[in-house]
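Topology and contacts: notes
One letter stands for each residue in the lines below.
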Amino acid sequence: MPDWQVMIKFSSKSLPYSERVYIALRIAFLETQERLALAEQLELDDHRAFGFLTQVPFLKCVPAQVQLDLLLDLWDKHLSKETYSATYLDEAIVYAACETAAKLVRTEPQHVERILASGPLKSSVSVTQEFSNQLQELHLDFAGDGHFLLMSQFQDLPPEQAIKFKEEYGIITGKCDSLYDALGRWYVRPDFKDRSCGLLTDDEAQQLATLIDFTRCSGKMSQ
């Protein structure tokens with residue numbers, strides 16, 4: 001594990017470099033990756049909504065390959081020596097990853113055990129209902145006021161009315177930009193293998209590179 005202090009600030013707290021954070025992000029990533037691979041095999045509609053970010057209604061239409069890329073962005077910032085202030089998107093990713101991981105622990109514990117056993121870091125956790133609860137509790141300190149969960153309620157309102165309601169709920173307009181940016185993305189950054197270090201094994205990163213949506217979409221997004 002890194003020997004420096006983590007530097008993603010969620011209000012007054014930093015996202016800790018802990019086993020639970022690693023597990024939540026790893027489970028959410030691999031669950032979404034597996035579903036993306038299955039969708040490609042079955043030649044399902046590219047615009048079909050699935051992936052861990054569907055836990056956030058406003059972000060349910062973010063393409064699965066972009067969801068994976070955004071999670072790797074968060075992981076990369078998590079390991080960085082630089083200081084970052086969390087955006088609404090960062091809060092949404094932590095929330096959605098924890099919720100996805102907690103659900104999988106409850107419903108498919110043996111699958112979770114395989115995910116953890118094959119990872120780059122050894123895990124000592126017991127995959128139990130109690131651990132599922134711990135994963136859900138993890139995001140409580142880092143999801144802020146959950147403003148990203150309210151955004152879908154304003155989508156069909158006239159702009160003036162939406163702004164009024166956002167102000168009433170304390171939603172900061174500028175912080176919403178990261179959510180809209182996620183909705184507008186289709187391509188992934190070409191350095192996803194580097195950003196996956198510590199979260200995925202080398203073999204898993206290589207498997208990611210074989211997915212059609214990555215081979216056709218990576219490298220097309222400006223740095």
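Residues numbered from 1 in each chain as written. Predicted model: local features only at pLDDT ≥ 70, side-chain atom pairs only at ≥ 80, totals over all residues. Heavy atoms only, no water.

Structural notes on empty space enclosed by the protein
The criterion, for reference: Grid points spaced at 1 Å and placed over the protein atoms alone form the basis of the search, with a cavity being a set where a 1.4 Å probe fits but cannot get out and a pocket an open set showing protein on both sides within 12 Å along at least five of seven lines. Lining residues have an atom within 4 Å of a point. Grid points are joined across faces, edges and corners, and a volume is the space filled by probe spheres set on the points. The secondary structure listing takes helices from DSSP runs of H or I that are at least 4 residues long and strands from runs of E that are at least 2 residues long, numbered from the N terminus. Residues are grouped as follows: Ala, Val, Leu, Ile, Met, Phe, Trp, Tyr, Cys and Pro are nonpolar; Asp, Glu, Lys and Arg are charged; every other residue, Gly included, is polar.
The final tally for this structure, using the stated rule, is one cavity of 30 Å³ or more. Here the largest cavity defines a volume of roughly 40 Å³. Every residue along the wall of the largest cavity is listed here: Leu-15, Val-21, Ala-24, Leu-25, Val-94, Ala-97, Cys-98 and Leu-138. Put simply, the parts of the chain that give the lining of the largest cavity at least two residues each are helix H1 (19-41) and helix H3 (88-107). Tallied by class, residues from the lining of the largest cavity come to eight nonpolar, no polar and no charged.

Focus: the pattern of salt bridges
Short version of the rule: Think of a salt bridge as a Lys or Arg side-chain nitrogen and an Asp or Glu carboxyl oxygen that are within 4 Å of each other. Here the term buried applies to any residue with accessible area under 20% of the maximum for its type, exposed to any over 50%, and partly exposed to those in between, with areas from a 1.4 Å probe on protein chains only.
Summed over the entire model, instances satisfying the criterion amount to nine salt bridges. Residues Asp-69 and Arg-185 are paired through a salt bridge, measuring 2.4 Å at the closest nitrogen-oxygen approach. Of the two residues, Asp-69 sits in helix H2 (residues 64-78) while Arg-185 sits in the loop between helix H7 (177-183) and helix H8 (192-195), which places them 116 residues apart along the sequence. Using a relative accessible area of 16% as the deciding quantity, one classes Arg-185 as buried. The residue Arg-195 makes a salt bridge to Asp-69 at a minimum N-O spacing of 2.6 Å. Taken as a pair, Arg-195 in helix H8 and Asp-69 in helix H2 lie far apart in primary sequence, 126 residues in all. Both residues of the pair, Arg-195 and Asp-69, belong to the buried class. When salt bridges that share partners are traced, they join Asp-69, Asp-73, Arg-185, Arg-189, Asp-191 and Arg-195 into one network.

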